[in-house]
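# A closer look at the structure
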Amino acid sequence: MEEPLIYTYDIDGSDFTRAGEASSAVKNRLKMLGVDSAAIRKTAIAMYEGEINMVIHADGGTITVSISDDAITMVLADRGPGIPDIDQAMQEGFSTARPEVRSLGFGAGMGLPNMKRFTDEMKIDTVLGKGTTITMKVNLHSDGP
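Residues numbered from 1 in each chain as written. Predicted model: local features only at pLDDT ≥ 70, side-chain atom pairs only at ≥ 80, totals over all residues. Heavy atoms only, no water.

## Topic: the overall build of the protein
Rule in force here: Strands here mean DSSP runs of E at least two residues long; helices mean DSSP runs of H or I at least four residues long; both are numbered from the N terminus. Atoms counted for the radius of gyration: C-alpha only. Globule rule: 2.2 Å times the number of residues to the power 0.38.
Along the protein, the regular secondary structure elements total 5 helices and 5 strands. Listing the helices and strands of the protein from first to last along the sequence gives β-α-α-β-β-α-α-α-β-β. Against the globule reference of 15 Å for 145 residues, the protein gives a C-alpha radius of gyration of 15 Å, in line with a compact fold. Here the C-alpha coordinates of the protein stretch approximately 45 × 30 × 25 Å along the principal axes.

## Things to note about the pairing of strand β3 (residues 71-78)
Definition in use: Strands are treated as partners if at least two bridges between them are detected by DSSP.
As defined by bridge partners, strand β2 (residues 61-67) adjoins β3 across 7 bridges and the pair is classed as antiparallel. Counterpart to T64 in the pairing with β3 is V75. Between β2 and β3, which pair antiparallel one after the other, the connecting turn spans 3 residues.

## Here we look at the sheet that holds strand β4 (residues 121-127)
The pairing of strands in a sheet happens through backbone hydrogen bonds and is either parallel or antiparallel. Going by this rule: Simply put, an axis is a line fit to the C-alpha atoms, just over the touching stretch for a helix, and the angle between two N-to-C directions goes from 0 to 180 degrees. When checking whether two residues touch, look at their non-hydrogen atoms; a contact exists if any pair is within 4.5 Å.
Strand order in the open sheet made by the 5 strands is β1-β2-β3-β5-β4, with antiparallel pairing throughout. The sheet terminates laterally at β1 (5-11) and β4, the two strands that pair on one side only. Between one strand axis and the next, the sheet turns by 10° as a mean value, whatever way the strands run. Strands β1, β2 and β3 of the sheet are contacted by helix α1 (residues 21-32), whose axis makes an angle of about 160° with β1.

## A look at the nonpolar core
Inclusion rule: To form a nonpolar core, buried Ala, Val, Leu, Ile, Met, Phe, Trp, Tyr and Cys residues must be joined to one another through side-chain atoms within 4.5 Å. For every residue, the accessible area obtained with a 1.4 Å probe (protein chains only) is divided by the maximum for its type, and the residue is called buried under 20%, exposed over 50%, and partly exposed between those limits.
Counting residues in each nonpolar core, the largest one holds 35 residues, and the members touching the most others are Y9, M47, V65, L112 and M136. Listing elements by their share of this core, those giving two or more residues are β1, α1, α2 (37-57), β2, β3, α5 (111-117), β4 and β5 (131-139). Element by element, the count of residues in this core is highest for α2, at 8 residues. With near-sequence residues (within four places) excluded, M136 lies in contact with A46, M47, I72, T73, M74, L76, M115, T119, E121 and M122.

## Let's talk about the environment of M47
Topologically, M47 is positioned in helix α2. We classify M47 as buried; its relative accessible area is 0%. Note: C-alpha distance between M47 and M74 (27 residues apart in sequence) is 7.4 Å.

## Structural notes on the pattern of salt bridges
Pairing is possible between side chains that carry opposite charge, provided their charged atoms lie close to one another. We apply this condition: Salt bridges are defined as contacts in which a side-chain nitrogen from Lys or Arg sits within 4 Å of a carboxyl oxygen from Asp or Glu.
Taken as a whole, this structure holds 5 salt bridges when the rule is applied. Between E21 and R18 there is a salt bridge; the shortest N-O distance is 3.0 Å. As a salt-bridge pair, K137 and E121 come within 3.8 Å of each other at their nearest N and O atoms. Remark: E121 occurs in strand β4 and K137 occurs in strand β5; sequence separation between them is 16 residues.

## What about the environment of A19?
Structurally, the position occupied by A19 is in the loop between β1 and α1. Residues A19 and I52 lie 33 residues apart in sequence; the distance between their C-alpha atoms is 6.0 Å. Those residues in contact with A19 that lie beyond four places of it in its chain are Y48, E51, I52 and V55.

Remember that the coordinates give geometry; whether it matters functionally is a separate question.
Written out as structure tokens, the structure reads:
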């Protein structure tokens, strides 16, 4: 592949039943492209965590996935409240999820830590009251978790 393949997914911020569809679609596309299974696993986990966060904490948003010969890049742009304290949000177990979200089994505070753990690069840009954009990259020629 010479030109990167680019896929865009709209995430509905109110629909827990469809959360995970975009990451599943990307996983299937990567399998069809013959991408290494370790890279597929890392991408699917990181993207799923981000997708769930967009449903839990934001009013949805857009995920753009770019697949090149060297890397898979995911840009998750939401319309949420922003992250007031990124360092605190990166701590395992910290969550601002509402009780009704937790009752569904979500909001354990592992989303952002897992996104970082399963990617080779992760950058968070957030503006309070406007939203958050997270850019994650999985290298196709590396080892990792």
